[in-house]
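Listed below, chain by chain, are the residues.
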2 protein chains.
Amino acid sequence: MVSKKDGAFVRGLAVKKNRLESGAFLVEGEKCLLEVLESDFEVKKVFCTTTFFEDYKNDHLASVEVEVVRQEELEKLGTLTSNNAGIAVVKMKTATRFVPPQQGWSLLLDRVNDPGNLGTILRIADWYGIADVVCSENTVDVYNPKVIAASKGSFTRVRVYYETLGDVIQRYPEIQAVGAELDGMSVHEYTFPARGFLVMGSESHGIDPLVRSQLTQKISIPSFGGAESLNVAIATAVLLDNLNRGRVERSR
Amino acid sequence: MVSKKDGAFVRGLAVKKNRLESGAFLVEGEKCLLEVLESDFEVKKVFCTTTFFEDYKNDHLASVEVEVVRQEELEKLGTLTSNNAGIAVVKMKTATRFVPPQQGWSLLLDRVNDPGNLGTILRIADWYGIADVVCSENTVDVYNPKVIAASKGSFTRVRVYYETLGDVIQRYPEIQAVGAELDGMSVHEYTFPARGFLVMGSESHGIDPLVRSQLTQKISIPSFGGAESLNVAIATAVLLDNLNRGRVERSR
């Protein structure tokens, strides 16, 4: 039985203000839980069902504080409608300033407000081996439980920063800033350089005009039908796939 | 003020059984509403706000039965949390048997259960000019309000069929059936023929074994990072983008 104090604290982590105050966030559900327990994130406590505990007590859960609770309690504590595994209270990483890698690409996100979209983008970035995602300050919080859930564990492998995108582009004039815009050059015609920033704007507003004015290249996804636009996560995947054509695939 | 009878009827259309009995479905929100009013779907009645009525009474709403209602009523009638435009009651199209086009590609979906995914896939198919999407019988209902909403109006341009996928593939032995499978050949290496079926399986189960045994080719999306998989809508977009490389873009 979860104590009143613990219950209030865990439930509170669904709200950004409380996450910032305590420096902690929630990770829920089996897949995400196993990933965070294997990662370099510091897990402060796990609340889990007996089944999950029995399955993982000797490996994933061996060196972490655990409280076994009933599934109904888990579902009251967390944000998932159904959760038969557990919830971890995890320490946020200290925010650092973004430094681009010596080669390859980073993703710059301008005002992606939908948590599902940001989580899905982290999963896509992870698939395509993008290590760093820089979000504009008004992008949704990466520690939002819906972002964490949609990332399917990829939040443990992709580093996320919150900075003014214009400043980042200005700091690295030697790195090309390529933005997705409906009137850009077809990505099927474009040859990506070895290093760059891929800038994605919000679905409803596109890229902020100031950031847009700093782009070295605008690219678009060719359309062959009637839809007016693609969702920002979908567009990110298509562009990263084009960017990676010709690279040697990770061995499985 | 919506009559009790109308209210119960409209609210009932959120449920598949009632849609099948009445042959009608709901279209909600401004974007989807305008698209369906411009399409060849038969709109039986529109419930909308005064603002929406004043904006469109002379064009989109000119030849359709309209009842002006308050926004709160709309939100009680329909499935959207927020709807300041309207709801249309629309007649389903008569189900016909799928006949593949003489050239180009069709999409075959096996057990896509998430309505958001199916809607997003319709929008992607529409972007890439795919006219026909054939769903396995156990795929989610295209007239589900969440599918309609996620399609952002693309349901008016893409034809959707429900058939046994194995039968469809068997009926057209001259058409190649190319399936997305994690162990398939890299799509970056693969040359798509001019005509084909692209088969996508459910995220959790992949393509049904029987259908898989009928594939003429298995393809995959190269991975360069740590994520185990991509969402089925994301994967569909990446594959359709590869399929369309070299085609001439629709003029805007």
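Please read all numbers here as calculations on a predicted model, not as lab measurements.

### A few points about the relation of the copies chain A and chain B
At step 1: If you rotate chain A by 180° and push it 0.0 Å along the axis, it lands on chain B with an RMSD of 0.0 Å. Both copies are brought into coincidence by an operation consistent with a two-fold rotation axis.
At step 2: Interface overlap between copies: 100% of the residues of chain A at the interface are likewise at the interface in chain B, consistent with a symmetric, same-surface contact.

### Re the domain arrangement of chain A
Residue and element names in this part refer to chain A.
At step 1: Segmenting chain A into domains produces domain 1 (4-91) and domain 2 (104-243).
At step 2: Taking the mean C-alpha position of each, domain 1 and domain 2 sit 30 Å from one another.
At step 3: Counting from both sides, the interface comprises 14 residues of domain 1 and, opposite them, 11 residues of domain 2.
At step 4: Across the domain 1/domain 2 interface, buried area totals approximately 1,100 Å², and carbon plus sulfur atoms make up 67% of it.

### A short note on helix α1 (residues 4-12) of chain B
At step 1: Considered for burial, the residues of α1 of chain B that qualify are G7, V10 and G12 of chain B.
At step 2: Contacts from the buried residues of α1 of chain B go to α2 (16-22), β1 (24-28), β2 (43-48), α5 (71-77) and β4 (86-91) of chain B.

### Things to note about helix α6 (residues 115-127) of chain A
Residues spaced three or four apart along an α-helix face the same direction, because each turn holds 3.6 residues.
Residues and elements named next belong to chain A.
At step 1: Along its 13 residues, α6 runs 19 Å from first to last C-alpha, staying within 8% of the 18 Å computed at 1.5 Å per residue.
At step 2: Of all the 13 residues making up α6, 12 are buried; the element is thus mostly covered by neighbouring parts of the structure.
At step 3: Taken together, the buried positions of α6 are occupied by P115, N117, L118, G119, T120, I121, L122, R123, I124, A125, D126 and W127.
At step 4: The backbone nitrogen of G116 has a side-chain oxygen 3.0 Å away, supplied by the residue at the start of α6, namely D114.

### So, the interface of chain A and chain B
At step 1: Chain A puts 41 residues into the contact, and the matching count from chain B is 41 residues.
At step 2: Counting the surface lost from both chain A and chain B, the interface buries some 3,800 Å², and carbon and sulfur atoms represent 54% of this.
At step 3: Here chain A and chain B share 2 salt bridges between them.
At step 4: Across the salt bridge formed by E228 of chain B and K31 of chain A, the nearest N and O atoms sit 3.1 Å from each other.

### Section: the packing of aromatic side chains
At step 1: Within this structure, the stated rule accounts for 22 aromatic pairs over all chains.
At step 2: Geometrically, the ring pair formed by F25 of chain B and Y143 of chain B is tilted, given 4.4 Å between the ring centres and 45° between the ring planes. Taken as a pair, F25 of chain B in strand β1 and Y143 of chain B in the loop between β6 (132-135) and α7 (145-150) lie far apart in primary sequence, 118 residues in all. One exposure class covers both F25 of chain B and Y143 of chain B, and it is buried.
At step 3: Taking 6.4 Å as the distance between ring centres and 80° as the angle between the ring planes, the aromatic pair formed by Y172 of chain B and F197 of chain B counts as edge-to-face. In this pair, Y172 of chain B sits in the loop between α8 (165-171) and β8 (176-186) while F197 of chain B sits in strand β9 (residues 195-200), placing the two residues 25 residues apart along the sequence. Judged on exposure class, the residue Y172 of chain B and its partner F197 of chain B are both buried.
At step 4: One aromatic cluster in this structure is built from F25, F41, Y143 and F155 of chain A.
At step 5: Positioned above the aromatic ring of F41 of chain A, the side-chain terminus of K93 of chain A is 4.4 Å from the ring centre.

### What about the packing of α6 of chain A against helix α10 (residues 232-243) of chain A?
Residue and element names in this part refer to chain A.
At step 1: The N-to-C vectors of α6 and α10 enclose an angle of 15°; their axes lie 9 Å apart at closest approach. Compared by their axis directions, α6 and α10 come out roughly parallel. For the pair α6 and α10, the sense of crossing is right-handed. Between α6 and α10, the contacting residues are N117, T120, I121, I124 and A125 on the first element and V232, A233, T236, A237 and L240 on the second.
At step 2: Residue composition of the contact of α6 with α10, by class: 7 nonpolar, 3 polar and no charged.

### Focus on the nonpolar core
At step 1: Counting residues in hydrophobic clusters, the biggest one holds 120 residues, and the most contacted among them are V27 of chain A together with V27 of chain B.
At step 2: Ignoring sequence-local partners within four residues, the contact set of V27 of chain B consists of C32, L33, V36, G86, I87, A88, V90, I148 and F155 of chain B.

### A look at the sheet that holds strand β7 (residues 159-162) of chain B
Residues and elements named next belong to chain B.
At step 1: If you walk across this open sheet you meet the 6 strands as β7-β6-β5-β9-β8-β10, and the pairing is parallel. Where the open sheet ends on each side, the last strands, each with one partner, are β7 and β10 (217-220). Sheet twist, expressed as the mean angle between neighbouring strand axes with direction ignored, is 35°.
At step 2: As judged from the 6 bridges shared by strand β5 (residues 104-109) and β9, these two strands associate in the parallel manner. Across the sheet, residue G104 finds its bridge partner in β9, namely R195.
At step 3: Each of β5, β6 and β7 is contacted by helix α6 (residues 115-127), which is oriented at about 180° to β5, the strand it contacts most.

### Section: the pairing of β7 of chain B
At step 1: As judged from the 4 bridges shared by β6 of chain B and β7 of chain B, these two strands associate in the parallel manner. Of the residues in β7 of chain B, the one forming a bridge with C135 of chain B is Y162 of chain B.

### Description of unusual backbone geometry
At step 1: For K152 of chain A, which is not glycine, the phi torsion reads 50° and is therefore positive.
At step 2: As for its placement among the helices and strands, K152 of chain A is situated in the loop between α7 (145-150) and β7 (159-162).

### Things to note about the sheet that holds strand β8 (residues 176-186) of chain A
All names here are of chain A.
At step 1: Pairing is parallel in the open sheet, where 6 strands are placed in the order β7-β6-β5-β9-β8-β10. Each edge of the sheet is formed by a strand with only one pairing partner; in this case those strands are β7 and β10 (217-220). Strand-to-strand twist across the sheet, computed as the mean angle between neighbouring axes with direction ignored, equals 35°.
At step 2: The sheet strands contacting α6 are β5 (104-109), β6 (132-135) and β7, and the helix crosses β5 at an angle near 180°.

### Here's the deal with the state of the cysteines
At step 1: Scanning the model with the defined rule gives 0 disulfides over all chains in all.
At step 2: Between C135 of chain A, a cysteine without a disulfide, and C32 of chain A, which holds the nearest cysteine sulfur, the sulfur-to-sulfur distance is 17 Å.
At step 3: You can see C32 of chain B has no disulfide; the closest cysteine sulfur is in C48 of chain B, sitting 15 Å from it.

Thresholds applied
Along each chain, residue indices are assigned from 1 in the same order as the chain's sequence is written. Whichever chain is written first is A, and whichever ligand is written first is 1; the rest continue in order. Local features in this predicted model are restricted to residues of pLDDT 70 or higher, and side-chain atom pairs are both shown and tallied only at a pLDDT of 80 or more, whereas totals for entire chains, interfaces and linings draw on every residue. Just so you know, side-chain values use all the structure's heavy atoms and leave hydrogens and water out. In this comparison the copies share one frame, found by least squares on the C-alpha atoms of residues holding pLDDT of at least 70 in both. What makes two residues a contact is simply this: any of their non-hydrogen atoms within 4.5 Å. Start and end points for every domain follow an automatic or database-based domain assignment. Take the accessible area each of two parts loses on contact, using a 1.4 Å probe, and add the two losses: that sum is the buried area. Relative accessibility under 20% of the residue-type maximum defines a buried residue, over 50% an exposed one, and the middle range a partly exposed one, all with a 1.4 Å probe and only protein chains included. Numbered from the N terminus, helices here are DSSP runs of H or I no shorter than four residues, and strands are runs of E no shorter than two. Expected span of a helix, by definition, is 1.5 Å for each gap between consecutive residues, and there is one gap fewer than residues. N or O atoms closer than or at 3.5 Å make up a polar contact, with two conditions inside protein: a donor-capable atom paired with an acceptor-capable one, and, for residues adjacent in sequence, both atoms drawn from side chains. By definition here, a salt bridge exists when the distance from a side-chain nitrogen of Lys or Arg to a carboxyl oxygen of Asp or Glu is within 4 Å. Ring pairs shown here join Phe, Tyr and Trp side chains whose ring centres sit within 6.5 Å, with only the six-membered ring taken for Trp; geometry is labelled stacked below 30 degrees between planes, edge-to-face above 60, and tilted in between. Only when the NZ of Lys or the CZ of Arg is both within 6 Å of the ring centre and within 35 degrees of the ring normal is a charge said to sit over the ring. As a rule, the C-alpha atoms of each element are fitted with a line to give its axis, helices using only the stretch in contact, and angles between N-to-C directions run from 0 to 180 degrees. Roughly parallel refers to an angle under 35 degrees, roughly antiparallel to one over 145, roughly perpendicular to one between 65 and 115, and oblique to any angle outside these ranges. Crossing handedness follows the turn of the near helix against the far one: under a right angle anticlockwise gives a left-handed crossing, and clockwise gives a right-handed one. Residues are sorted three ways: Asp, Glu, Lys and Arg are charged, Ala, Val, Leu, Ile, Met, Phe, Trp, Tyr, Cys and Pro are nonpolar, and all the rest, Gly among them, are polar. Side-chain atoms within 4.5 Å link the members of a nonpolar core, which is a set of buried Ala, Val, Leu, Ile, Met, Phe, Trp, Tyr and Cys residues. Only strands joined by at least two bridges in the DSSP assignment are considered to pair. Defined by distance alone, a disulfide is two cysteine sulfur atoms within 2.5 Å.

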